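A closer look at the structure
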Amino acid sequence: MLVQPGVGLIVWMTVAFLVVWFLLGKFAWKPILKSLKERESSIEDALNSAKKAKEEVAALKNDNEKLLQEARNERDAMLKEARETKERIVAEAKAAATEEGNAIVAKARESIQNEKNAAITELKNHVATLSIEIAEKILKAELDNEEKQKQLVSTLLEDIKLN
Amino acid sequence: MPVKSSLTQLFNTSLILVILGVFSFNIQVLASNPHGESDGQEDKVEAVHPSDSAITGDEYTEEHVGHDDAHDAHDEQHGGGFNAGDMIMHHVLDAHEIHFMTFNEGTPEESHLSIPLPVILYTPDRGVEFFSSSKFHNDEHKYDRYFLHHEQIYIANENGELEYVDGGHDPINAKPLDFSITKTVAGMLIAVFLMFWMFLSVAKAYKKREGQAPKGLQSFMEPLIIFIRDEVAKPSIGHHYERFMPFLLSIFFFIWISNMLGLIPFIGGFNITGNISVTIVLAVFTFVVTTVNANKNYWAHIFATPGVPVWLLPLMIPIEIMGIFIKPIVLCLRLFANITAGHIIILSFMSLIFIFSSLYGNIAGYGVSVLSLAFGIFMNLMELLVAFLQAYVFTLLSALYFGAAVEEAHH
């Protein structure tokens, strides 16, 4: 009894299961599985795009960092250059000033030398004139009588003899 | 995968063995029933079914009814009149009505609370006949020319009676083709209706709430559907799985819902998947789907199993061919035995109360009822698990067979 299949039940069961299989297959399982798949793929897409966005943000941040670093480097370089330029300008100015000063000093020294030479020459001429005048006066005074002239000639002669 | 399936097989086999053990124990209890019921019954059978079946229908009926009365009297004589075997079989087997309760049992005022179901018969001479099973509610269980005997419909012979062979328990009369909406058919239709109702609304929810999180029934069913897809179909079948999804989902939810329907008390005790006809149909579907989808590689495995020496093939081919058929047969028997055994165990625990009360008095019955109820509730919870497990196992094994059928050669 327990294991005796009944024809009627088999027929009903077959019909019922076929109906379930085909109708639910068409109107339930297919749309459900399709929606599940779509949702899964949309979730996956969303996750992927989120990951991508995250990567993009990271890349952007990286770029920004790089840009900032570059800017900083540039600023540093500019500052350095400015400093160098300043130093160079200062150094150049200093050199130029020194040179000019030296030139001025040299010129001054030269003109002083010239003045000095002129002064010395003038002094010499003056001294010579004075000496000649003095010698003239001395000679006039010394040789105003005959004896003295004779004495001088003899002295001079004596000197010549010595030579 | 083979490890997993053989484990499942082992589990099932042991479960069935345990269940059958309990069942046979129960039968022993019944057999050692001091009423000597079975002996008495056999005597009676011989007495009422004489070898020369020359008695007229009326006489027979009288005798038959007399037998029933005598039987009842016999039972009552020994107190209680409770026959656990009959009660359990009555619940487990198919019936032409949904029976809820019997009032004044064993008294002349005995009446039943039941829903009669439509009887649909086909006979070559009269074609299709359609009437309510309540027409059989008379002393003879006879309507027109049909007898309802132990839930089987027989055509009366020319004398308008049932015929028995010597010592036979069942009549030898001709039977019409019985397409009645029996209790099991009704239960199955309820299961089918529930499936349509649930899954069409779930499908609608998917359309209405496209791309949104599931809600309500949809969120209850979604994990199950995904479970069948990701844990059963994908690993067992591989990338061809989509083709088999409608079948696997249909079979899983049909078995599960039917199993659960059988566990609901007070609705008439449906035993849908515990009926061999139902499981035969399910197994035949699996067999047909497997065979129809089988590729060259599948048949090559059967008729020229790779890696097997040629001299072994005469042995292997018959074994493999037997295997094709044994697989669905085992599928059918496993589900049937598991579910029927579950029903029998729960009913047996409940019967123990009445057996004890008829053996040792009502006090003993009350005492045993505590234990029986505890075990009965435990078994019922167990059956909830088994209901799911058997649906899962049937679906998984079907998927494995499909997987073998569509597997591509890769060695």
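Here, the structure is the one placed above.
From a predicted model like this one, the values you see are computed outputs, not experimental measurements.

1. A look at the overall build of chain B
Counting its secondary structure elements, chain B contains eleven helices and eight strands. When the 411 residues of chain B are sorted by exposure, 46% land in the buried category. When contacts within chain B are restricted to residue pairs at least 6 apart in sequence, those whose partners lie at least 24 apart make up 62%. Summing over all exposed atoms, chain B offers an accessible surface of approximately 20,600 Å²; the carbon and sulfur share of this is 66%.

2. As for the interface of chain A and chain B
Listed by partner, the interface residues are 35 residues for chain A and 54 residues for chain B. Taking both partners together, chain A and chain B bury about 3,800 Å²; carbon and sulfur atoms supply 80% of that area. Applying the counting criterion to the chain A and chain B interface returns three salt bridges. Applying the counting criterion to the chain A and chain B interface returns eight residue pairs in polar contact (both at pLDDT 80 or more). Looking at side-chain class alone, the side of chain A that touches chain B contains 25 nonpolar, six polar and four charged residues.

3. Here's the deal with the packing of aromatic side chains
Across all of its chains, the model carries 26 aromatic pairs over all chains by this definition. For the ring pair A:Phe17 and B:Phe285, a centre distance of 4.9 Å and an interplane angle of 50° mean the geometry is tilted. Residue A:Phe17 is found in helix H1 (residues 7–142), and its partner B:Phe285 is found in helix H8 (residues 276–293); the two belong to separate chains. Summarising the burial analysis for this pair, A:Phe17 and B:Phe285 share the class buried.

4. Observations concerning the packing of helix H9 (residues 296–303) of chain B against helix H10 (residues 313–360) of chain B
Residues and elements named next belong to chain B. Where H9 contacts H10, the two axes come as close as 7 Å, and the packing angle between them is 130°. As far as their axial angle goes, H10 and H9 are oblique. Across the interface between the two elements, Tyr298, Trp299, His301, Ile302 and Phe303 from H9 touch Leu313, Ile317, Glu320, Ile321 and Ile324 from H10. Considering only residue class, the contact of H9 with H10 consists of eight nonpolar, one polar and one charged.

5. Observations regarding the sheet that holds strand S6 (residues 146–149) of chain B
Hydrogen bonds between backbone groups are what pair the strands of a sheet, and the pairing can be parallel or antiparallel. Residues and elements named next belong to chain B. As summarised here, the arrangement of the three strands in space is S5-S6-S7, forming an open sheet in which the pairing is antiparallel. With partners counted over all chains shown, the strands left at the sheet margins are strand S5 (142–143) and strand S7 (152–155), one partner each. Where S5 lies against S6, two bridges are found, and the strand directions are antiparallel. Counterpart to Lys142 in the pairing with S6 is Phe147.

Thresholds, definitions, all that
- Residue numbers restart at each chain and count upward from 1, following the sequence in its written direction.
- Chains carry letters and ligands carry numbers; both start at the beginning, A for chains and 1 for ligands, and go up in the order they are written.
- Given that the model is predicted, a residue must reach a pLDDT of at least 70 before its local features are reported, and side-chain atom pairs must reach 80 or more before they are shown or counted; all residues, however, enter totals for whole chains, interfaces and linings.
- Each side-chain value is worked out from all heavy atoms of the structure, with water and hydrogens disregarded.
- Only runs of H or I of at least four residues qualify as helices and only runs of E of at least two qualify as strands under DSSP, and these elements are numbered from the N terminus.
- Summary of the burial criterion: residues with accessible area below 20% of their type's maximum are buried, those above 50% are exposed, and those between are partly exposed, where the area comes from a 1.4 Å probe applied to protein chains only.
- For this analysis, residues touch if any pair of their heavy atoms sits within 4.5 Å.
- Method for areas: the Shrake-Rupley scheme with a 1.4 Å probe, in which residue coverage is limited to the protein chains shown.
- As a working definition, buried area equals the accessible area (1.4 Å probe) given up by two parts on being put together, with both sides summed.
- Each salt bridge in this description consists of a side-chain nitrogen of Lys or Arg and a carboxyl oxygen of Asp or Glu lying within 4 Å of one another.
- Definition of a polar contact: a pair of N or O atoms within 3.5 Å, with one able to donate and the other able to accept a hydrogen when the atoms are protein atoms, and with sequence-neighbouring residues admitted only if both atoms are side-chain atoms.
- We call Asp, Glu, Lys and Arg charged. Ala, Val, Leu, Ile, Met, Phe, Trp, Tyr, Cys and Pro are nonpolar, and the rest, Gly among them, are polar.
- Whether two aromatic rings pair depends on their centres lying within 6.5 Å, for rings of Phe, Tyr and Trp, where Trp uses its six-membered ring; planes under 30 degrees apart make the pair stacked, over 60 edge-to-face, and the rest tilted.
- Helix axes are fitted only over the stretch in contact, all axes being lines through C-alpha atoms; the angle between N-to-C directions runs from 0 to 180 degrees.
- Roughly parallel refers to an angle under 35 degrees, roughly antiparallel to one over 145, roughly perpendicular to one between 65 and 115, and oblique to any angle outside these ranges.
- Between any two strands, pairing holds if DSSP finds at least two bridges.

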